[in-house]
Amino acid sequence: MKLSEIIKENRVLIAGLLMPLALIILFTYAKTIPDMTVPDPTYKAVYAAQTWGGLGQITFKVDDNGKIAASFTATSTPSGYDKLPTGHIFIYDPKTMMTDRKDIEISTDLLKDAQDTPQTRTKDMDLDVIKNLTLSKSDTAPDGYRFETYHYRNRNLISDIFMSGSRNNGPALLKDNRVIRIDLPNNTYYYDLIFLGWVTKEE
């Protein structure tokens, strides 16, 4: 029997076998369209991890001048876990796709100053390592990208068939269905990331 005759007699069966494969190819190709049509991001994204320890907590914010500010709040009743927190500021550069981490540590003088003033245990911190940056606090960058602290990536068609739910991929930049995952330094996972802003000026 010729191949053409086999195909003709089993065209319904063959179509049923080929249709899922065609859909998989179509969905896979469709997911690559945003990467090809949406321009690359141009603004650096800055975010931070507000860590805590038995002796207190570091908090970050951006002031009205676009400068990153930080403060340390000493605990009123230090626990047995008497460890000073170390804050982390992350600067993601979309041109290099690399993330620079700045570690913010508490000095013994600052800790003593905070502990010796029970009425105002919160003290401002000096951020010389980051003072050259000016940020925009807008949720959306001037180029249209948004920052998500924890982006949940939807699974593909095959994963949807055999698995359920979605996977937490950590921080990401998003625009018009394009998703750019941001890898943290040393693949470290942080539970308390906050977005600070977009770099609009760098001195």
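A few points on the structure. All values derive from a computational prediction rather than experimental measurement.

1. As for the overall build of the protein chain
Helix and strand counts for the protein chain stand at 4 helices and 14 strands. Counting every position in the protein chain, which comprises 203 residues, the buried fraction comes to 35%. Considering only contacts within the protein chain whose residues lie at least 6 apart along the sequence, 66% involve residues at least 24 apart.

2. Considering helix H3 (residues 108-115)
For H3, every residue scored as buried is listed here: Leu110, Leu111 and Ala114. Viewed along the axis of H3, the buried residues span an arc of 100 degrees, placing them on a single side of the element. Opposite the buried face of H3, at more than 90 degrees from it, the exposed residues are Thr108, Asp109 and Lys112. Those residues of H3 that are buried are in contact with strand E4 (68-74) and strand E7 (122-125).

3. Section: the sheet that holds strand E3 (residues 56-62)
Taken in spatial order, the 4 strands of this open sheet run E2-E3-E4-E7, and their pairing is antiparallel. Of all the strands in the sheet, just strand E2 (52-53) and E7 have a single pairing partner and so form its edges. Pairing of E4 with E7, which is carried by 4 bridges, proceeds in the antiparallel orientation. Opposite Thr73, over in E7, you have Thr122 as the bridge partner.

4. Points about the side chain of His88
On the secondary structure map, His88 appears in strand E5 (residues 86-93). With relative accessibility at 10%, the residue His88 sits in the buried group. For His88, the side chain forms a polar contact with the main-chain oxygen of Thr86, separated by 3.4 Å.

5. A look at the sheet that holds strand E13 (residues 178-181)
Remark on secondary structure: sheet strands pair via backbone hydrogen bonds, oriented parallel or antiparallel. Read from one edge of the open sheet, 3 strands run E9-E12-E13, paired in antiparallel fashion. Among the strands making up the open sheet, the edge pair consists of strand E9 (146-148) and E13. Across the sheet, the axes of successive neighbouring strands diverge by a mean angle of 25 degrees, strand direction being ignored. For E9 and strand E12 (residues 172-175), the ladder comprises 3 bridges, and the chain directions are antiparallel. Its bridge partner being in E12, Arg146 is matched across the sheet by Leu174.

6. Quick look at the pattern of salt bridges
Counting across every chain of the model gives 10 salt bridges. Between Asp100 and Lys102 there is a salt bridge; the shortest N-O distance is 3.1 Å. Given a relative accessible area of 36%, Asp100 falls into the partly exposed group. In this structure, Lys131 and Asp128 form a salt bridge, with 3.7 Å as the shortest nitrogen-oxygen distance. By relative accessible area, Lys131 is classed as exposed at 54%.

7. Details of the nonpolar core
Among the nonpolar cores identified, the biggest contains 24 residues, and Phe60, Ile68 and Phe72 are the most heavily contacted of them. Contributions of two or more residues to this core are made by strand E1 (45-49), E3, E4, E5, H3, strand E8 (133-136) and strand E14 (193-202). It is E4 that contributes the most residues to this core, 4 residues altogether. Those residues within four positions of Phe60 in sequence are excluded, and the remaining contacts are Ala48, Ala49, Gln50, Ile68, Ala69, Ala70, Gly87, His88, Ile89, Ile104, Ile194 and Leu196. Among the nonpolar cores identified, the runner-up in size contains 15 residues, and Tyr47, Phe147, Ile180 and Trp198 belong to it.

Parameters and conventions
Residues numbered from 1 in each chain as written. Predicted model: local features only at pLDDT ≥ 70, side-chain atom pairs only at ≥ 80, totals over all residues. Heavy atoms only, no water. Helix = DSSP H or I, 4+ residues; strand = E, 2+ residues; numbered from the N terminus. Buried < 20%, exposed > 50% of the residue type's maximum accessible area, 1.4 Å probe, protein only. Contact = heavy atoms within 4.5 Å. Arc of directions from axis to C-beta. Pairing = 2+ DSSP bridges. Polar contact = N/O pair within 3.5 Å; in protein donor to acceptor, adjacent residues only side chain to side chain. Axes fitted to C-alpha atoms, helices over the stretch in contact; angles between N-to-C directions. Salt bridge = Lys/Arg side-chain N within 4 Å of Asp/Glu carboxyl O. Core = buried A, V, L, I, M, F, W, Y, C linked by side-chain atoms within 4.5 Å.

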